[in-house]
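Fold and geometry: a report
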Amino acid sequence: SRINLGRDKGNITRINQEKEVNLTYMFNSDINESKELLEAAREEIDELVQSMDVPTGIAVEVIHEENDFIFLILAAFVLIYMILAAVFESTTAPIVLMFTIPLAAIGSLLALLFTSNSLMNANVFIGFIILIGIVVNNSIILIDYTSLLRRNGNRKQRAIITAGLSRLRPILITAITTIVAMIPLAMGQGEYVSGLGAPFAITVIGGLTMSTLLTLVIIPTLYSGMEDALHRLRTQSLFMKLLQIVLFVVAVICVYFWTY
């Protein structure tokens, strides 16, 4: 470890009438991508501070900030589900609508890998959080019009086909305009732009492209299939329902222990 001395604008704050000076540090991307390297680097920071000759009357406290992006993503999931459940007055319809998010995640992952960008990047997570709210719009447009057609007397299959044909153009236009607007940021050549803006834009472009293409096929299929599955589930006996729940819990436990 080494300390680089430089000049910058000074800032002194007061807490309980005591002066406080805040210094920030950051590691390069190679260290941030590895949990083991990150922990080792933080230990070096702690040892470096402990070895310093601090004058009497001055206290030094090291705070290692954690990126709570997983919590933010889960919170975004919950909030979007609550809004969709309230609007559609259903607990199952939001599940179909939110299935575009995994599709977007696949697109973002492929785009980042293809462009050799780091996956464990704060700008990537920020882009994905914003992407969660964007990609759901396409499925909302599609399923909402399908429900409207069914309320007007159309059969389910005819309503799905009609909604797909009539909503294809607005879905593609909104997605293309967003993608085109992100392209200059994704292709930025400046050091600041390429380091900060490019991963964010690539995440949005990849996720929105993949989700838009697959939403027109997978979401209508899920909408039709889930309704039929729920109907069969309601007609099953209590024993079969309990058996399926037990098998599902066992499968989740097996996957958990197999992974860890």
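Sequence order as written defines residue numbering, which begins from 1 separately in each chain. With pLDDT at 70 or above as the cut-off, local features in this predicted model cover only qualifying residues; side-chain atom pairs require 80 or more to be listed or tallied, and sums for whole chains, interfaces and linings still use all residues. With hydrogens and water stripped out, all remaining heavy atoms of the structure feed into the side-chain values.

What about the overall build of the protein chain?
- Counting from the N terminus, the helices are DSSP H or I runs at least four residues long and the strands are E runs at least two residues long. Helices and strands together make up the secondary structure of the protein chain, namely nine helices and two strands.
- For the protein chain, the succession of helices and strands along the chain, N to C, is β-β-α-α-α-α-α-α-α-α-α.
- Buried residues in the protein chain amount to 28% of all 260 residues.
- Intrachain contacts of the protein chain at a sequence separation of at least 6 include 62% that bridge at least 24 residues. Three exposure classes are used, based on accessible area relative to the maximum for each residue type with a 1.4 Å probe and protein chains only: buried under 20%, partly exposed in between, and exposed over 50%. Every residue pair with non-hydrogen atoms within 4.5 Å of one another is taken to be in contact.

Some thoughts on the layout of surface pockets
- Only protein atoms enter the 1 Å grid, on which a cavity is a set of points fitting a 1.4 Å probe that cannot get out and a pocket is an open set with protein on both sides within 12 Å along at least 5 of 7 lines, lining residues being those with an atom within 4 Å of a point. Grid points are joined across faces, edges and corners, and a volume is the space filled by probe spheres set on the points. Its volume calculated, the second largest pocket comes out at about 300 Å³.
- Taken together, 14 residues form the lining of the second largest pocket, with Ser90, Thr92, Ala93, Tyr223 and Glu227 sitting closest to its centre.
- For the lining of the second largest pocket, the secondary-structure elements that each account for two or more residues are helix H3 (69–88), helix H4 (93–97), helix H6 (122–151) and helix H8 (191–235).
- Within the lining of the second largest pocket, the residues separate by chemical class into eight nonpolar, three polar and three charged. Lys, Arg, Asp and Glu make up the charged group, whereas Ala, Val, Leu, Ile, Met, Phe, Trp, Tyr, Cys and Pro make up the nonpolar group; the residues left over, Gly among them, are polar.

A short note on the side chain of Ser211
- Within the fold, Ser211 resides in helix H8.
- Any pair of N or O atoms that falls within 3.5 Å is considered a polar contact. Within protein, one atom must be able to donate a hydrogen and the other to accept it, and sequence-neighbouring residues count only if both atoms are side-chain atoms. From its side chain, Ser211 meets the backbone oxygen of Gly207 in a polar contact 2.9 Å long.
- Within the structure, Ser211 has its side chain in polar contact with the backbone oxygen of Leu208 (distance 3.2 Å).
- Every residue in contact with Ser211, bar those within four places of it in the chain, is listed here: Thr100, Leu103, Ala104 and Val135.

Considerations on a negative patch on the surface
- A contiguous patch of negative charge on the surface is contributed by Glu36, Glu39, Glu43, Glu44 and Glu47.
- With respect to the secondary-structure elements, Glu36 resides in helix H2 (residues 35–50).
- Residue classification places Glu36 among the exposed positions, given a relative accessible area of 59%. For patch building, the residue pool is restricted to those with more than 30% relative accessible area and no salt bridge; the joining distance is 9 Å between like charges and 5 Å between nonpolar side chains (Val, Leu, Ile, Met, Phe, Trp, Tyr). Note on areas: these come from Shrake-Rupley sampling with a 1.4 Å probe, and a residue is covered only by the protein chains present in the view. A side-chain nitrogen of Lys or Arg and a carboxyl oxygen of Asp or Glu constitute a salt bridge if their distance falls within 4 Å. Positive charges come from Lys and Arg alone, negative charges from Asp and Glu alone, with His and the N- and C-terminal ends not counted. Positions of charges follow a simple convention, taking NZ of Lys, CZ of Arg, CG of Asp or CD of Glu.

Structural notes on helix H7 (residues 156–186)
- Maximal helix bending in H7 amounts to about 45°, located at Arg167; proline Pro170 follows within four positions.
- Within the sequence span of H7, burial applies to Lys156, Ala159, Ile160, Ala163, Ile171, Ala175, Ile179, Met182 and Ala186. Two axes enter the bend calculation: one fitted to the seven residues ending at the residue in question, the other to the seven starting there, and the bend is the angle between them.

Here we look at the nonpolar core
- With 33 residues, the main nonpolar core has Leu84, Ile101, Leu131, Ile132 and Val135 as its most contacted residues.
- If you list the elements that add at least two residues to this core, you get H3, H4, helix H5 (100–114), H6, H7 and H8.
- A total of eight residues in this core trace back to one element, the largest contributor, which is H8.
- Residue contacts for Val135: discarding those within four places in its chain leaves Thr100, Ile101, Ala104, Gly207, Leu208 and Ser211.
- Working definition of a nonpolar core: buried Ala, Val, Leu, Ile, Met, Phe, Trp, Tyr and Cys residues. They are joined through side-chain atoms within 4.5 Å. Within the second largest apolar cluster, five residues are counted, among which are Leu142, Leu149, Ala163 and Ile171.

Description of the side chain of Ser139
- Along the polypeptide, Ser139 turns up in helix H6.
- For Ser139, the side chain forms a polar contact with the main-chain oxygen of Leu97, separated by 3.0 Å.
- Leave out the neighbours within four places in its chain, and Ser139 touches Leu97, Thr100, Thr215 and Ile219.

Some thoughts on H3
- The span one expects for a helix is its residue count, reduced by one, times 1.5 Å. Across its 20 residues, H3 extends 28 Å between first and last C-alpha, which sits within 8% of the 28 Å expected from 1.5 Å per residue.
- Burial in H3 covers these residues: Phe69, Ile73, Ala76, Ile80, Leu84, Ala85 and Phe88. What you see down the axis of H3 is that its buried residues fit within an arc of 155°, all on one side. For H3, the exposed residues set more than 90 degrees away from the buried face come down to Phe71, Leu74, Leu79 and Ala86.
- Against H4 and H6 lie the buried residues of H3. Picture the helix axis, draw a direction to every C-beta atom, and the arc is the one those directions span.

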